[in-house]
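# Residue-level structural notes
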Amino acid sequence: MSWLFGYKSQAPPQGGDGGPEPPGPPPSSAGSAGQMAGDANLTKAERKAMEAYRFDSSALERAAEAARTLERSKHAREALELSKMQENTRQQEYLAKVKEYEAHIEASKVEHKRVDHEERRKTLAEETKQQQQRAQYQDQLARKRYEEQLAQQQRVQEENLRKQEESVAKQEAMRRKTIEHEMELREKNKMKLLEAELRAKAKVDRENRDLTLEQIRLKAEENRITVMEGIKTAGSVLGQGATALLTDWNKVVTTVGGLSLLALGVYTAKGATGVTARYVEARIGKPSLVNETSRFSLLEALKHPIETVKRLKHKPTEALQGVVLQPKLEERLRDIAIATKNTKNNKGLYRNILMHGPPGTGKTMFAKRLATHSGMDYAIMTGGDVGPMGRDAVTAIHKVFDWANTSRRGLLLFIDEADAFLRKRSSEQISEDMRSALNAFLYRTGEQNPRFMLVLASNTPEQFDYAINDRLDEMVEFTLPGLEERERLVRLYFDKFVLQPAAEGKKRFKVEQWDYSAVCSKMAKMCEGMSGREISKLGVSWQAACYASEEGVLTEQMVLDRCEAAVRQHRQKMAWLSEQEKLDHKSITGGKGFLTQ
């Protein structure tokens, strides 16, 4: 529409259809030029003021002329429709912008709600964090109050114990003096009585010396006569009997028959006694290879009645009670314990297990816990006991398995250091007796048994014969404890060997007040590479340090010194290992996982 308002001064020429001629120059152009010449004499401010009131009528005239021209043109209707379409297009664009603005407003509302929700979530998270911190602070305050109460109770107990000790010491001193005085008087009386008796006896002996000598001579003569008469009588009786026997043939036959029957009876009794002894040994006693067992034995019950009663009253416990392990190893051993218990309850076939790893990592302890948890008896034997038996090793192994098959509750046969007699036959130089013992063991373990379960333990499982590996259903590696397991072990043994004896008020065992938790964490970091057995020995060394002190008080420095000494000893032991031993015990020198205890 720019041509309508005169923005373009030149219009395209029209044909012979009677269109309008192009408009000429606006009449007011000369006047405008005069005005511009006059305005040149005005100041800048005056020109701006004049421009505000100036009106150019030429544009209005051009618009009117263009409107008249448009009315006379044949394209006037098309131009009007085009104007309407342009106006509709502008309205639609305006509506689209309105909708876009409304959508933007809705998006802003959604974003505002999201931001509001995020702020509320952050607020709730911060409130939860504050509550957790408040709960932790309250827990710390409660722990401090409890520790202060324990310290106060310990001080009161120590004061009462000190007073009791002083009173007991005074009474003991008085009693000791009284006893010493009585013993002194009694000794004096005995000496006087003994002197009087000795004097009287010496006097009587001097007076009766001749009579005593005569009595001795008479007794010797009578004894000699009696012996000679006995020899003569025995000789005459034996001579008459031999004469009568040799002269009568019937008596000879009877004598020979009687001696034959006697020999047969002796041989039969000897064989029956051996069979009975083996039967009794299999069901009442225990084989010589078994060092320890929880199975009820009449002989053991007679020797140790109190321990037998305690064992009978003992209830099944958790398989991992008192054993500290890595979480993955605990989960695996717990599955084995559950499977073994259900196998025992359903009278199924037991699986054979190999437990290998460094010494002192809890293999024997877990085997006992597994048997107790499953309601089975356990028997422990050592592979090193088989070699010294020589030819008798085969018989001893058969006795062990015969004895195991008689168990009604099921028996867990644990063989510690099993590689001592189950070595490879192809590459190892073993004696014929050891080879025979190995073959006997393989014969008795060829098939799984519903009466006993075989558990082998070894530090060097790579030395096992292939036939032994073929009989293993499950292999579990016990590694050295990691940092978390060492801290659990240190806390366990510190409570067992230090805190509990101190709380019981035993003589010469007291503990100073210091941060036990922080010290245990520090010692756990110091004990890297140590086994559970070494950490338990460290707990015993704390007790020894307390007993060796003058006042019987265990200090923080004493505990740390003992820990440092144990760490130095462990490093020295590792340095003593030969190259072959380091290769055999890779888990000792390089393993940083864990145990058990």
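Scroll up a little and you will see the structure.
Residues numbered from 1 in each chain as written. Predicted model: local features only at pLDDT ≥ 70, side-chain atom pairs only at ≥ 80, totals over all residues. Heavy atoms only, no water.

## So, the pattern of salt bridges
Using the criterion set out here, one finds 20 salt bridges in the structure. Here E159 ties to R162 by a salt bridge, and the two come within 2.3 Å at their closest N and O atoms. In this pair, E159 and R162 both sit in helix α4 (residues 76–207), 3 residues apart, roughly one turn of the helix. Here E221 makes a salt bridge to R224, at a shortest N to O gap of 2.7 Å. Pair noted here: E221 and R224 are both in helix α5 (residues 209–247), with a separation of 3 residues, about one helical turn. For E221, a relative accessible area of 38% gives the class partly exposed. (Salt bridge = Lys/Arg side-chain N within 4 Å of Asp/Glu carboxyl O. Helix = DSSP H or I, 4+ residues; strand = E, 2+ residues; numbered from the N terminus. Buried < 20%, exposed > 50% of the residue type's maximum accessible area, 1.4 Å probe, protein only.)

## Focus on the sheet that holds strand β3 (residues 377–382)
An order of β1-β3-β4-β5-β2-β6 is seen for the 6 strands of this open sheet, with the pairing classed as mixed. Strand pairing shows two members of the sheet lacking a second neighbour, β1 (290–293) and β6 (474–477), which therefore form its edges. Across the sheet, the axes of successive neighbouring strands diverge by a mean angle of 20 degrees, strand direction being ignored. By the bridge criterion, 4 bridges tie strand β2 (residues 353–356) to strand β5 (residues 452–458) in an arrangement that is parallel. Bridged to M355 within β5 is A457. Sheet contacts for helix α11 (residues 392–405): β1, β3, β4 (411–416) and β5; angle to β4, the most-contacted strand, approximately 155 degrees. (Pairing = 2+ DSSP bridges. Axes fitted to C-alpha atoms, helices over the stretch in contact; angles between N-to-C directions. Contact = heavy atoms within 4.5 Å.)

## Comments concerning the environment of V476
Relative to the helices and strands, V476 is located in strand β6. The class of V476 is buried, set by a relative accessible area of 0%. Separated by 120 residues in sequence, V476 and H356 have C-alpha atoms that sit 6.4 Å apart. In contact with V476, other than residues within four places in its own chain, are L329, R332, L333, I336, I353, L354, M355 and H356.

## A closer look at a nonpolar patch on the surface
Taken together, the side chains of V227, M228 and I231 present a nonpolar region at the surface, about 270 Å² in accessible area. Here M228 is to be found in helix α5. Classification of M228 by relative accessible area gives partly exposed; the value is 41%. (Patch = residues over 30% accessible without salt bridge, like charges linked within 9 Å, V, L, I, M, F, W, Y side chains within 5 Å. Areas by Shrake-Rupley, 256 points an atom, 1.4 Å probe, with all protein chains shown as cover.)

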